[in-house]
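Summary of the model geometry
Spelled out, the chains give:
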Amino acid sequence: MYLTDAVGILIFVDLSMTPEEMRRTGYAVVDRMVAWMAEPGPVIRRATPQAMADLLPGDEPKAPLGLDAVLGTLVDDVYPHASRVAHPGYFAYIPGSTTWPAALVDFMSSVANVYAGSWAESAGPSRLELVVLDWFRAWLGLPEGAEGVLTSGGSAANLMAFAVAREQLLGAMHADAMIYCSDQAHSSVGRAARVLGFRSDQVHVIPSDDGFRLRVDALAAAVAADRVAGRVPLLVSASGGATNTGAVDPLDDIADLCAEHDLWLHVDAAYGGFATVTARGARALAGIGRADSVTLDPHKWFFQPMECGALLVRESGALERAFTVLPDYLADSATHGGEVNFSDRGLQLTRRARSVSLWASVATFGTDAFRAAIDSGLDLAALASTLVDDDPHLELLSAARLGIVCFRRTLPGLGEPELAAANAWLAAALEATGRAMVSSTRLHGRYALRLCVLNHRSREEDVRFVLDFLARTPVPPEVLAAAVPDAAVPAGPLLDLLDEAGRRELARCSTRLVAPAGATVVSRWAGDRDFYAIVSGAVRVLIDGVVVRRLGPGEFFGEIAATDWGSGYGYVRTADVVAEEPTQLIVVPAEDLLRLMDVAPALRERILAARASRLGTL
Ligand SMILES: *Cc1c(COP(=O)(O)O)cnc(C)c1O
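All of these numbers come straight from a predicted model, not from anything done at the bench.

Structural notes on helix α7 (residues 187-195)
- Taken together, the buried positions of α7 are S188, V189, G190, A192 and A193.
- Phi for G197, located one or two positions after α7, is positive at around 95°.

Here's what the structure looks like:
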């Protein structure tokens, strides 16, 4: 409640507002947001930290500004400087388009400030959480009795899934427990492992195949090698729609392998999982119902406001076993027959009532409308794929899968660095139109533009505009001239790429090794991560007993495992390396190599180039 003093200055006497003020400002906000939905863009407006500091100085507002002034600042200076992930032309990263009912009900839940942690305090929202989770369960094809919990997002769900798997299969952390995923796994998989205390040699990253899917033969071999070495294979985190390309790992084959070896199968279907409500999506994700746990993100392809993720777990009671802690001060909230305390199924005690807006938005439109919206995304991605394929100026790098297409502009006679520069320039030029936006990625080392259609408001004309722009906009010659060609990485022995300080550092952190003729220096599927440079002698690199290359003085190996895949983790060894003759080696631990690469850009370029080309020949 506020007063105005004699000269008309606002003075709040407490933190409440009168009903009239609440109505007036509430209606104004609704009007504003309805108008905002109809504004054409721009799809993103970037700003430097300095520009933002000038606009939003950050002095502590001791005296009241009043809600009207504050709303003005938000509308003029805050929201315009955020990407409009719900814009129909937003095809970058993961678009997030929500619905009006979900947003309104989120507002209602904020006003009521619903606490969704315990049944005793939240029977209504808890009932709806059970309801929506059971829809998800049925869509995924998990058996009755599978349970779940809504989370802040996919990252939290992946972390929780790994914690549940470990508690179920091992209990406390085990020094030799192993996690497996493909190189296309989401970065949150690495982060979850790191947070849970898995060391860098406890996550085996497996190369993906030509279709960016986990190689099951490689997985089987890595698991077998780990068992022989006395390690404890724990879980496989498979992709149910990889963020790069939409690729779905061969879930049925992986499920067979997991069943055979008593491994936990987690499927990270954060963005792609809701495609199971459509016939096409269910086919693409066949086998997902065999998972022990599945991550979903309703705030991606199920049109919910951020932050709404979900974790589903096959075995009843497993979530509670992993997470329940009942202190005296919560004893009153202990459950009785059929009641669920959702705070016992995850990390959060105090939780938003995510279930309410989720249920309300789905119930408003009906599930068929949601199904049609997801189908439309699949249609538009398929259309984009066809248009790219038919256009001589565009090259398809990964055909439409679960709403994602990767491609790039082709320009005759250019190498990878020039193509990357040209395509990055085109993406920026597209963004500058204000009408649409795509993001970029690298697919097995090749620069790719990535178009992701998940928005229920995106239309055919939006997709056509993007492809037409990218295929036909001329690329200025100076963009290509500025690209650093591959040849800029000097040839010659690797260690010549270090300066004096670099060499001293190398001497400090490395050791010398002489491998006798015939000795195996690196074994395929092993989890060690040292990097080797050859001083004298020669080695053979073998895959399945076949020599794929010979390396001599000045050359190196082990970079695939030693370099960072994400969160400090690296690939499992992808080949055997055997000394052909007595061979002198410099051995550098992975952490030290990463540090050296940070201070020596030429070394870094050379090693990453070798990694990209060697990964391409596995
Ligand atoms: C987005 C995404 C995540 C992370 O989810 P957040 O909700 O952003 O935390 C994990 N895995 C995949 C496949 C994703 O697409």
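So, unusual backbone geometry
- Cis geometry marks the peptide bond from G41 to P42; its omega dihedral reads 5°.
- Residue placement: P42 occurs in the loop between α1 (19-38) and α2 (49-55).
- Here the amide bond leading from M306 into E307 is cis, since omega sits at 5°, within 30 degrees of zero.
- By secondary structure assignment, the location of E307 is in the loop between α11 (298-301) and β9 (309-313).

Observations concerning the packing of aromatic side chains
- Tallying each qualifying case throughout the model produces 13 aromatic pairs.
- For the pair F136 and F274, a centre-to-centre distance of 5.0 Å together with 80° between the ring planes defines the contact as edge-to-face. Linking F136 in helix α5 (residues 123-140) with F274 in the loop between β7 (264-268) and α10 (279-284), this pair joins segments that are 138 residues apart in sequence.
- In this structure F274 comes out as buried when scored by relative accessible area, which is 1%.
- Through a chain of ring-to-ring contacts, three or more aromatic side chains come together here, namely W135, F136, W139, F274, F302, F303, F365 and F370.
- Lying across the ring of F556, R614 places its NZ or CZ 5.0 Å from the centre.

Observations concerning the environment of D292
- Residue position: D292 is located in the loop between α10 and β8 (293-296).
- Once the C-alpha coordinates of D292 and E60 are considered, the two residues, 232 residues apart in sequence, prove to be 49 Å apart.
- Excluding anything up to four places from it in sequence, D292 contacts L263, W264, L265, L312, V313 and R314.

Some words on the site of the ligand
- Near the ligand you find 14 residues, and of these G154, S155, D268, D297 and K300 are the closest.
- G154 has a polar backbone atom sitting 2.8 Å from an oxygen atom of the ligand.
- Going through the elements one at a time, α6 (154-169) and α11 are the ones with two or more residues in the shell around the ligand.

Focus on the UniProt feature "domain: Cyclic nucleotide-binding" (unreviewed entry) in the chain
- Within this structure's numbering, the places UniProt gives as "domain: Cyclic nucleotide-binding" (unreviewed entry) are residues 494-614.
- In this annotation, residues 494-614 is assigned 31% helix and 31% strand; the end-to-end C-alpha distance for the span is 16 Å.

Section: the nonpolar core
- Core analysis: the largest hydrophobic core is formed by 99 residues, its most contacted members being F136 and W301.
- Residue contributions to this core peak at nine residues, all from α6.
- Not counting chain neighbours up to four residues away, the residues in contact with F136 comprise L150, F274, L296, P298, F302, A310, L312 and L358.
- The next biggest cluster of nonpolar side chains, apart from the first, holds 28 residues, and it includes L380, L430, V463 and L467.

Details of the sheet that holds strand β13 (residues 446-452)
- Strand order across the open sheet formed by four strands is β10-β11-β13-β12, with antiparallel pairing between neighbours. Across the chains shown, the open sheet's two edge strands, defined by having one partner strand only, are β10 (394-401) and β12 (439-443). Within the sheet, the average angular offset between the axes of one strand and its neighbour, ignoring direction, is 30°.
- Pairing geometry for strand β11 (residues 404-409) and β13, over four bridges, is antiparallel. Bridging from a neighbouring strand, I404 pairs with C452 of β13.
- With respect to the sheet, helix α14 (residues 367-390) is in contact with β10, β11 and β13, its orientation differing from that of β10 by roughly 155°.
- On top of the sheet, helix α15 (residues 416-432) reaches β11, β12 and β13; it is set at about 25° to β13, its chief contact.

So, the state of the cysteines
- Tallied over the full model, the rule gives zero disulfides.
- Its sulfur unpaired, C181 is 13 Å from the next cysteine sulfur, which belongs to C258.
- Under the relative-accessibility criterion, C181 is labelled buried at 0%.
- No disulfide involves C406; its nearest neighbouring cysteine sulfur is the one of C452, lying 9.3 Å away.

Concerning the pattern of salt bridges
- Counting across every chain of the model gives 39 salt bridges.
- Notably, a salt bridge pairs D68 with R24, separated by 2.7 Å at the nearest N-O pair. Placement of D68 in helix α3 (residues 67-78) and of R24 in helix α1 is noted, with a sequence separation of 44 residues between them.
- On the basis of relative accessible area, R24 is assigned to the partly exposed category, the value being 39%.
- The salt bridge involving R408 is made with E416; its shortest N-O contact spans 3.1 Å.
- Note on R408: relative accessible area 3%, which makes it buried.

Cut-offs and rules
Residues numbered from 1 in each chain as written. Predicted model: local features only at pLDDT ≥ 70, side-chain atom pairs only at ≥ 80, totals over all residues. Heavy atoms only, no water. Buried < 20%, exposed > 50% of the residue type's maximum accessible area, 1.4 Å probe, protein only. Helix = DSSP H or I, 4+ residues; strand = E, 2+ residues; numbered from the N terminus. Phe/Tyr/Trp six-rings, centres within 6.5 Å; stacked < 30°, edge-to-face > 60°. Lys NZ or Arg CZ within 6 Å of the ring centre and 35° of its normal. Contact = heavy atoms within 4.5 Å. Near = heavy atom within 4 Å. Polar contact = N/O pair within 3.5 Å; in protein donor to acceptor, adjacent residues only side chain to side chain. UniProt positions renumbered as here; feature names shortened; annotations may be inferred. Core = buried A, V, L, I, M, F, W, Y, C linked by side-chain atoms within 4.5 Å. Pairing = 2+ DSSP bridges. Axes fitted to C-alpha atoms, helices over the stretch in contact; angles between N-to-C directions. Disulfide = S-S within 2.5 Å. Salt bridge = Lys/Arg side-chain N within 4 Å of Asp/Glu carboxyl O.

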